[in-house]
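# Coordinates in review
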Amino acid sequence: MLRRSPFRRFEAALPARPFAYGLCMLTALCWAGTIIAGRIAAPDMPPMAVNFWRWVVAFAVMAPFTGAALYAKRRVIAANLRILLTLGGLNMTAFGGLFFLGLEHSQAINGSILLATMTINIVLVSWLLVGVRISAVQALGVAVGFLGIVIIAARGDPEALVGLSFGVGDPLIWASTLAYAVYSTTLRKAPGELAPVELMTVLCLVGVLACLPMAAAEAWLFARPTSWSLDALLAVGFLGLFPSALAQILWVAGIKRIGATTAGYFIYTVPVFGTAMAIGVLGETLYWYHLVGIALVFVGVYAAAARAGRRDQTGRGSPPPVADASTASSTSTACTISPAVTGKAGPPDAAAAKASRPSRIERRPG
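Each value, and the rule that gives it
- Residues numbered from 1 in each chain as written.
- Predicted model: local features only at pLDDT ≥ 70, side-chain atom pairs only at ≥ 80, totals over all residues.
- Heavy atoms only, no water.
- Helix = DSSP H or I, 4+ residues; strand = E, 2+ residues; numbered from the N terminus.
- Buried < 20%, exposed > 50% of the residue type's maximum accessible area, 1.4 Å probe, protein only.
- Contact = heavy atoms within 4.5 Å.
- Areas by Shrake-Rupley, 256 points an atom, 1.4 Å probe, with all protein chains shown as cover.
- Polar contact = N/O pair within 3.5 Å; in protein donor to acceptor, adjacent residues only side chain to side chain.
- Expected span 1.5 Å × (residues − 1).
- Phe/Tyr/Trp six-rings, centres within 6.5 Å; stacked < 30°, edge-to-face > 60°.
- Lys NZ or Arg CZ within 6 Å of the ring centre and 35° of its normal.

### Considerations on the overall build of the chain
- Along the backbone of the chain there are 18 helices and zero strands.
- Within the chain, buried positions represent 45% of all 366 residues.
- The long-range share in the chain, meaning contacts at least 24 apart out of those at least 6 apart in sequence, stands at 91%.
- Total accessible area computed for the chain in this model is approximately 18500 Å², and 69% of it derives from carbon and sulfur atoms.

### Things to note about the side chain of Thr34
- Secondary-structure assignment places Thr34 in helix H3 (residues 34–41).
- A relative accessible area of 9% places Thr34 in the buried class.
- Within polar-contact distance, the side chain of Thr34 engages the backbone oxygen of Trp31 at 3.0 Å.
- If we ignore the near neighbours within four places in the chain, the residues touching Thr34 are Phe99, Phe100, Phe238, Leu239 and Pro243.

### Let's talk about helix H8 (residues 136–154)
- The terminal C-alpha atoms of H8, which comprises 19 residues, lie 27 Å apart, in line with the 27 Å expected from a rise of 1.5 Å per residue.
- Three or more residues of H8 are buried, namely Gln138, Gly141, Val142, Gly145, Gly148, Ile149, Val150, Ile152, Ala153 and Ala154.
- Immediately downstream of H8, the backbone of Arg155 shows phi near 60°, a positive value.

### Considering unusual backbone geometry
- Its identity is not glycine, yet Ala223 carries a phi of approximately 50°, on the positive side.
- Summarising the element assignment, Ala223 is placed in the loop between helix H11 (196–220) and helix H12 (230–264).
- Looking at Ala223, the relative accessible area reads 58%, which means it is exposed.

### Points about the packing of aromatic side chains
- Counting across every chain of the model gives 13 aromatic pairs.
- Taking 5.4 Å as the distance between ring centres and 80° as the angle between the ring planes, the aromatic pair formed by Phe99 and Phe100 counts as edge-to-face. Here Phe99 matches Phe100 in class, with each residue buried.
- When the ring of Trp288 is compared with that of Tyr289, the centres are 5.9 Å apart and the planes differ by 80°; the resulting orientation is edge-to-face.
- A relative accessible area of 54% places Trp288 in the exposed class.
- The ring centre of Trp55 lies 4.4 Å from the NZ or CZ of Arg54, which sits over that ring.
- Just above the ring of Tyr71 sits the side chain of Arg74; from NZ or CZ to the centre is 4.2 Å.

Written as structure tokens, this is what we have:
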């Protein structure tokens, strides 16, 4: 019998929902540096090259740890190739490519607000594709959190919003958030036999193969080659390790426990962590609108997540934990216990009632 990995044993010992909330918060923390790293790489690396190399780094980091397990599960991958290609296309290709391309032609304030719409898009896509509905309190939480993002992005000045202009990059950023919303909602169809890190390794490989021709066309057809400066190397290394590898694994693990709709609320904390990084790392000044916006974001996230209940985005109850060899083995063992103990096949209540009755052997005299 195969033993469960230390991560699986640690994971099973923790409460499901609080653990998932922590995973989503760590995801937001990793994603907070994406815009900064993208801006740093922009002068030396065009957007498609950034998106290609980030998945190369992520795949190179994860493959040595997951290669043997993925080879053992190659039949699972082959049987689910269509959904894996779809997920990789939505996240690694559509989201990443459109986001970095739009970021090159958009203002920072626009990018912050548009990135925050990902939460709203996830709620809408979950409702349209899966039929999930949210309560009035959750809708209010989404609205309050979005208001907090707007206050931070506008720096507390309504005139900044009045004079806001939208360029060609803004629709691309919004389209990227829509692609990621569809990806997050579709994750429930990913094969449960693959652990989050194994799933992300496969999707990163899909991203590498899909983004390679785009990066090549960008370099040769549009004459935008990559200049490997120190800033570009550091930016790609950061993007590959944290937003691309670690954050994506945590996001998949979080969605498996609380669903895409509830996990999406935590995306509102990305600008909050980004603001904290700018103040702590770059030495920017903390203003009153930062505090007001951060307070509204956390109030909104708490209201939305606290009312989410135990139903995931599929509307069919909490998703089952990802099965591994040991849990599958123990489950099959439990299902083959003698009928004298569990009763014949049937609903759990009926089995319990039969188990409580005295057996024929017990009723024999003597």
